[in-house]
Structures are given as structure tokens and as C-alpha cells.
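# Structural overview for review
The lines below spell out each chain.
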Amino acid sequence: MTCDAWSTLDLTGLKFNADGLIPAIVQDISDGAVLMLAWMNREALQRTLASGQTWFWSRSRARLWHKGEESGNVQEVREVRYDCDGDTLLIKVEQGGDCVACHTGHRSCFYRRLEGSTYD
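Residues numbered from 1 in each chain as written. Predicted model: local features only at pLDDT ≥ 70, side-chain atom pairs only at ≥ 80, totals over all residues. Heavy atoms only, no water.

Regarding its fold elements, the protein presents 2 helices and 6 strands. Taken from N to C terminus, the helices and strands of the protein fall in the order α-β-β-α-β-β-β-β. Expected size for 120 residues packed as a compact globule is a radius of gyration near 14 Å; at 15 Å, the protein falls within 12% of this value. Within the protein, the fraction of its 120 residues that count as buried is 39%. Restricting the contact set of the protein to residue pairs at least 6 apart, pairs at least 24 apart contribute 43%. A total accessible area of about 7400 Å² is found for the protein, and carbon and sulfur atoms account for 50% of it. The positive charge centre, built from 13 side chains, and the negative charge centre, built from 17, are 3 Å apart in the protein. (Helix = DSSP H or I, 4+ residues; strand = E, 2+ residues; numbered from the N terminus. Rg over C-alpha atoms; globule rule 2.2 N^0.38 Å. Buried < 20%, exposed > 50% of the residue type's maximum accessible area, 1.4 Å probe, protein only. Contact = heavy atoms within 4.5 Å. Areas by Shrake-Rupley, 256 points an atom, 1.4 Å probe, with all protein chains shown as cover. Lys, Arg positive; Asp, Glu negative; His and termini not counted. Charge placed at Lys NZ, Arg CZ, Asp CG, Glu CD.)

See the structure below:
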């Protein structure tokens, strides 16, 4: 399926929250690493599907943003899935730029471990 065809998909099965947002988990397609969690509204999802690169809704800035617009670390979309309830997206990407997804300069936003949370 080409990116152009994605933009015509029926999104009615998705459940956006009261603010019109849906969480999107971004995963590296090459090794399965979870890179980040961000929010999408319908327009962000439609732009993602049409362009083949990730777009999100910034709750803090109250605007759409194209991942990598400032850093150059764009994400090339390879697959979009949604969960059984239709209320969460999983976006599999090739992480571009210098392979950094987090604004802190780390590969993944999940680089910190909660103390006392490791179990044998």
C-alpha cells in the first residue's frame, strides 16, 4: 500500500478521547525498540498517512508538529496499527537523522528506569 492510499482509509473505527486525541506509540521497525509516545488528532494522523512521515499534536504548544522539523530526526512511517479497542496507535518507523527520537538527545524517550522496578 502506498502512502497516498493510506490517506483514504476509514478512520471511524478509531476512538479519539474527549480532547480529540489518540495516543501513538512509535516503535523502531528494525529492532522493535519503543522510541516515544505522542498524541495525534485526526489531522495529525491524516498528515502522517498522506506524507509517510510522523506528525503529532503538541498538547503543550497546542499545535501540530512534524517530527524532526527542528532536529532533522524525521521518522519514515513503515506501518500503522491500532489496538483491539481502537484507542491506541502503534506506528512502526525508520528513525532518520542521527537515530535520535527524544528531544533530550537520546535514541528513545524511555531511557530512564524507575528505581526499584527491576525484578528477577
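Once you've had a look at it, read on.
By size, the foremost hydrophobic cluster in this structure holds 22 residues, and its most contacted members are Leu14, Met36, Met40, Leu45, Phe56 and Leu89. Contributions of two or more residues to this core are made by strand 1 (22–28), strand 2 (34–40), helix 2 (42–51), strand 3 (55–58), strand 4 (63–66) and strand 6 (89–95). Broken down by element, the residue count for this core peaks at 4 residues, all from strand 2. Setting aside anything within four residues of it in sequence, one finds Leu45 in contact with Leu11, Leu14, Phe16, Met40 and Leu89. (Core = buried A, V, L, I, M, F, W, Y, C linked by side-chain atoms within 4.5 Å.)

Turning our attention to a nonpolar patch on the surface. Among the surface-exposed residues, Val34, Leu37 and Phe110 lie close enough to one another that they form a single nonpolar patch of about 280 Å² accessible area. Considering the arrangement of structural elements, one finds Leu37 in strand 2. (Patch = residues over 30% accessible without salt bridge, like charges linked within 9 Å, V, L, I, M, F, W, Y side chains within 5 Å. Salt bridge = Lys/Arg side-chain N within 4 Å of Asp/Glu carboxyl O.)

Bringing the pairing of strand 4 into the picture now. Relative to strand 4, strand 3 is paired through 4 bridges, and the arrangement is antiparallel. Looking across to strand 4, one finds that Ser58 is bridged to Arg63. Hairpin connection, strand 3 to strand 4: the antiparallel pair is bridged by 4 residues, and Ala62 has positive phi, about 55°. (Pairing = 2+ DSSP bridges.)

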